[in-house]
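What follows is each chain in one-letter form.
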Amino acid sequence: MNHHLSRRKLLAWATVPLAASVTRLPLFAADTVTSREERIERLMATARNEGPLTLYHLMPPPDVEPIVELYQQRYGLEIEAWKSTGESIIQRVFAETRAGRQRFDILQMSAATQMAFEAGALQEIEPGLDIMLPDATEADHGHWFSTHSAVFAFGYNTNLLQPDQLPSTLEDLADPFWSGKVAFNQGSNAAWIATVYEGLGETRAEAFFTAMAGNEIKVRKGYTLMSNLLAAGEFACTPQAMIKMMENLKQAGAPVDYIPLPPVIALRQVWSLARQSRRPAAATLFFELLAHEGERVFVENNYTSPFVDALDASGNLPLMYADFSTESAENARAWRSRYAQFLRNGLGRCEAVPSETASTLKIN
């Protein structure tokens with residue numbers, strides 16, 4: 001496998017624009033104002049009276065700041081952004097929705113957005129500003145769309161593993177050689193484990209996780225912490241390294257690298273709109289900006305374009321996009337339970353262990 005070619009292909013982004021055709025936001029439809037520029041001016045005038053747009057997101061703040069700053073500079077409007085874990089965001093969204101007082105306007109998450117949708121917390125997005133989103137980026141029901149994806153790879157510390165020691169498949173990690181060397185995230189990871197089962201098939205996946213649990217594994221909470229600890233040498237590798245984080249660490253001079261191991265799992269990062277949003281004009285302007293420039297902004301920050309389908313020219317390692325249905329009320333509990341059982345079997349107890357060594361290298 002040509003890992004360098006695979007990496008270049010993965011980080012490349014297509015030139016297909018996110019904006020192409022026309023939909024309508026009834027309040028500012030084209031039959032009442034003749035040009036897009038005039039519609040934007042009217043939206044801006046209305047948005048100034050709506051107050052700051054509120055965004056809940058799970059991306060590291062430095063990753064979301066470029067699009068927030070671009071919005072504020074272009075329209076002269078404010079955004080209040082709150083960053084937390086997926087679990088915390090969903091809990092707050094549920095509480096606000098049940099109380100009938102949603103504070104958030106925009107929600108940025110991944111597969112767990114499915115739970116917000118099923119809870120009736122979201123409304124269909126109708127941008128209305130000469131925007132038609134391609135099928136590759138938009139949910140069938142129209143309640144969210146994607147500007148970028150986070151992709152998992154096998155990340156490793158180059159001081160602890162040599163090139164001739166690297167695995168060729170995910171299943172290689174079940175070998176006793178890897179005992180005590182491999183780390184996993186403590187989060188729920190329903191989408192990740194479900195996609196591994198889909199990629200390997202039930203029999204192979206069950207055999208892999210059973211054998212892997214027979215090794216000593218490391219468990220740490222959060223992809224950012226896990227990446228920093230990998231760079232600090234607390235463990236040798238993880239199959240749950242996010243390529244964006246590995247690239248940032250490499251650029252900072254950390255001793256890390258990564259290779260794709262099938263199934264190469266991608267999580268679409270999606271944006272949705274609160275059902276009770278009281279700032280429709282400000283939200284429309286934000287989605288307009290995302291649709292026109294979101295892909296560029298996030299791909300420049302080492303995320304993956306939603307249009308990338310394969311890792312190499314031969315197509316031998318296609319991306320497997322996690323199905324959001326794994327986070328549905330019907331499926332999520334079973335997948336989370338399966339992942340938690342794997343961690344318990346491999347570790348004996350789930351722990352989240354911060355380390356002072358992580359302070360030596362920080363990533364965004």
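Residues numbered from 1 in each chain as written. Predicted model: local features only at pLDDT ≥ 70, side-chain atom pairs only at ≥ 80, totals over all residues. Heavy atoms only, no water.

### Some points on the overall build of the protein
Next up, step 1: When helices and strands are counted, the protein shows 11 helices and 11 strands.
Next up, step 2: When contacts within the protein are restricted to residue pairs at least 6 apart in sequence, those whose partners lie at least 24 apart make up 80%.
Next up, step 3: Entry remark: accessible area of the protein is about 15,400 Å², with carbon and sulfur atoms responsible for 49%. (Helix = DSSP H or I, 4+ residues; strand = E, 2+ residues; numbered from the N terminus. Contact = heavy atoms within 4.5 Å. Areas by Shrake-Rupley, 256 points an atom, 1.4 Å probe, with all protein chains shown as cover.)

### Concerning unusual backbone geometry
Next up, step 1: Cis geometry marks the peptide bond from proline 262 to proline 263; its omega dihedral reads 0 degrees.
Next up, step 2: Along the polypeptide, proline 263 turns up in the loop between strand S9 (256–259) and strand S10 (264–274).
Next up, step 3: Of note, asparagine 302 is a non-glycine position whose phi angle comes to about 75 degrees, a positive value.
Next up, step 4: With respect to the helices and strands, asparagine 302 occurs in the loop between helix H10 (280–299) and strand S11 (319–321).

### Remarks on the side chain of glutamate 50
Next up, step 1: Mapped onto the elements of the fold, glutamate 50 is located in the loop between helix H2 (36–47) and strand S1 (53–57).
Next up, step 2: Buried charge without a partner: glutamate 50 forms no salt bridge, and the closest opposite charge is arginine 279, 6.4 Å away.
Next up, step 3: A distance of 3.0 Å separates a polar side-chain atom of glutamate 50 from the backbone nitrogen of alanine 281. (Buried < 20%, exposed > 50% of the residue type's maximum accessible area, 1.4 Å probe, protein only. Lys, Arg positive; Asp, Glu negative; His and termini not counted. Salt bridge = Lys/Arg side-chain N within 4 Å of Asp/Glu carboxyl O. Polar contact = N/O pair within 3.5 Å; in protein donor to acceptor, adjacent residues only side chain to side chain.)

### Observations regarding the environment of methionine 245
Next up, step 1: Relative to the helices and strands, methionine 245 resides in helix H9 (residues 243–251).
Next up, step 2: Each C-alpha atom, one on methionine 245 and one on glycine 155, is 9.7 Å from the other, the two residues being 90 residues apart in sequence.

### Some thoughts on the packing of H2 against H10
Next up, step 1: Where H2 meets H10, the axes come as close as 8 Å, and the angle between the chain directions of the two elements is 135 degrees. On the basis of the axis angle, H2 is oblique to H10. The segment H2 lies against H10, with Arg36, Ile40, Leu43, Met44, Thr46 and Ala47 engaging Ala281, Ala282, Thr284, Leu285, Glu288 and His292.
Next up, step 2: Of the residues that constitute the contact of H2 with H10, the class distribution is seven nonpolar, three polar and two charged. (Axes fitted to C-alpha atoms, helices over the stretch in contact; angles between N-to-C directions. Parallel < 35°, antiparallel > 145°, perpendicular 65-115°, else oblique. Nonpolar A, V, L, I, M, F, W, Y, C, P; charged D, E, K, R; others polar.)

### Re the pattern of salt bridges
As a working rule, side chains carrying opposite charge can pair if their charged atoms are close by.
Next up, step 1: With the rule as written, the count across this model stands at 12 salt bridges.
Next up, step 2: In this structure, the salt-bridge partner of glutamate 300 is arginine 296, at a minimum N-O distance of 3.5 Å.
Next up, step 3: Overall, the relative accessible area of 54% leaves glutamate 300 in the exposed class.
Next up, step 4: Assessed through its relative accessible area of 30%, arginine 296 is described here as partly exposed.

### Topic: the nonpolar core
Nonpolar side chains tend to gather and get buried jointly when the protein is soluble and globular.
Next up, step 1: Formed by 110 residues in total, the largest nonpolar core has its most connected members in Ile67, Tyr71, Phe154 and Trp271.
Next up, step 2: In terms of residues, this core owes the most to one element, H10, which gives 10 residues.
Next up, step 3: Setting aside residues no more than four positions away along its own chain, isoleucine 67 makes contact with Trp271, Phe286, Leu289, Leu290, Gly294, Val297 and Phe298. (Core = buried A, V, L, I, M, F, W, Y, C linked by side-chain atoms within 4.5 Å.)

### Examining the side chain of serine 227
Next up, step 1: Relative to the helices and strands, serine 227 is located in helix H8 (residues 223–232).
Next up, step 2: A distance of 2.9 Å separates the side chain of serine 227 from the backbone oxygen of tyrosine 223, its partner in a polar contact.

### Thoughts on the packing of aromatic side chains
Next up, step 1: In this structure the tally under the stated criterion is 24 aromatic pairs.
Next up, step 2: Note on tryptophan 192 and tyrosine 339: the rings are 6.1 Å apart at their centroids and 75 degrees apart in plane angle, and the pair reads as edge-to-face. Taken together, the positions of tryptophan 192 in helix H6 (residues 190–200) and tyrosine 339 in helix H11 (residues 332–347) put the pair 147 residues apart, joining distant regions of the chain. Summarising the burial analysis for this pair, tryptophan 192 and tyrosine 339 share the class buried.
Next up, step 3: Above the plane of the ring of tyrosine 321 lies arginine 268, whose end atom (NZ or CZ) is 3.8 Å from the centre.
Next up, step 4: Above the ring of tyrosine 197, the side-chain terminus of arginine 338 is found at 4.5 Å from the ring centroid. (Phe/Tyr/Trp six-rings, centres within 6.5 Å; stacked < 30°, edge-to-face > 60°. Lys NZ or Arg CZ within 6 Å of the ring centre and 35° of its normal.)

### Side note on the confidence of the model for the protein
Next up, step 1: Mean pLDDT over the protein stands at 82; residues scoring 70 or higher make up 80%.
Next up, step 2: Within the model, the stretch residues 1–31 combines pLDDT values under 50 with 82 contacts to residues more than four positions away or in other chains. (pLDDT = per-residue confidence, 0-100.)

### Re the environment of isoleucine 265
Next up, step 1: When you line up the elements, isoleucine 265 lands in strand S10.
Next up, step 2: On the basis of relative accessible area, isoleucine 265 is assigned to the buried category, the value being 1%.
Next up, step 3: On a C-alpha basis, the gap between isoleucine 265 and leucine 319 in space is 5.9 Å, while along the polypeptide they are 54 residues apart.
Next up, step 4: Apart from the residues lying within four places of it in its own chain, the contact partners of isoleucine 265 are Ala150, Val151, Phe152, Trp192, Thr195, Val196 and Met320.

### Remarks on helix H7 (residues 202–213)
Helical geometry note: an α-helix holds 3.6 residues per turn, so side chains three or four residues apart project in the same direction.
Next up, step 1: The terminal C-alpha atoms of H7 lie 16 Å apart, and with 12 residues this matches the ideal 16 Å at 1.5 Å per residue to within 8%.
Next up, step 2: Taken together, the buried positions of H7 are occupied by Ala205, Phe208, Phe209, Met212 and Ala213. The buried residues of H7 occupy one face: seen down the axis, they fall within an arc of 125 degrees. Away from its buried face, by an angle of more than 90 degrees, H7 presents the exposed residues Thr203 and Thr210. (Expected span 1.5 Å × (residues − 1). Arc of directions from axis to C-beta.)

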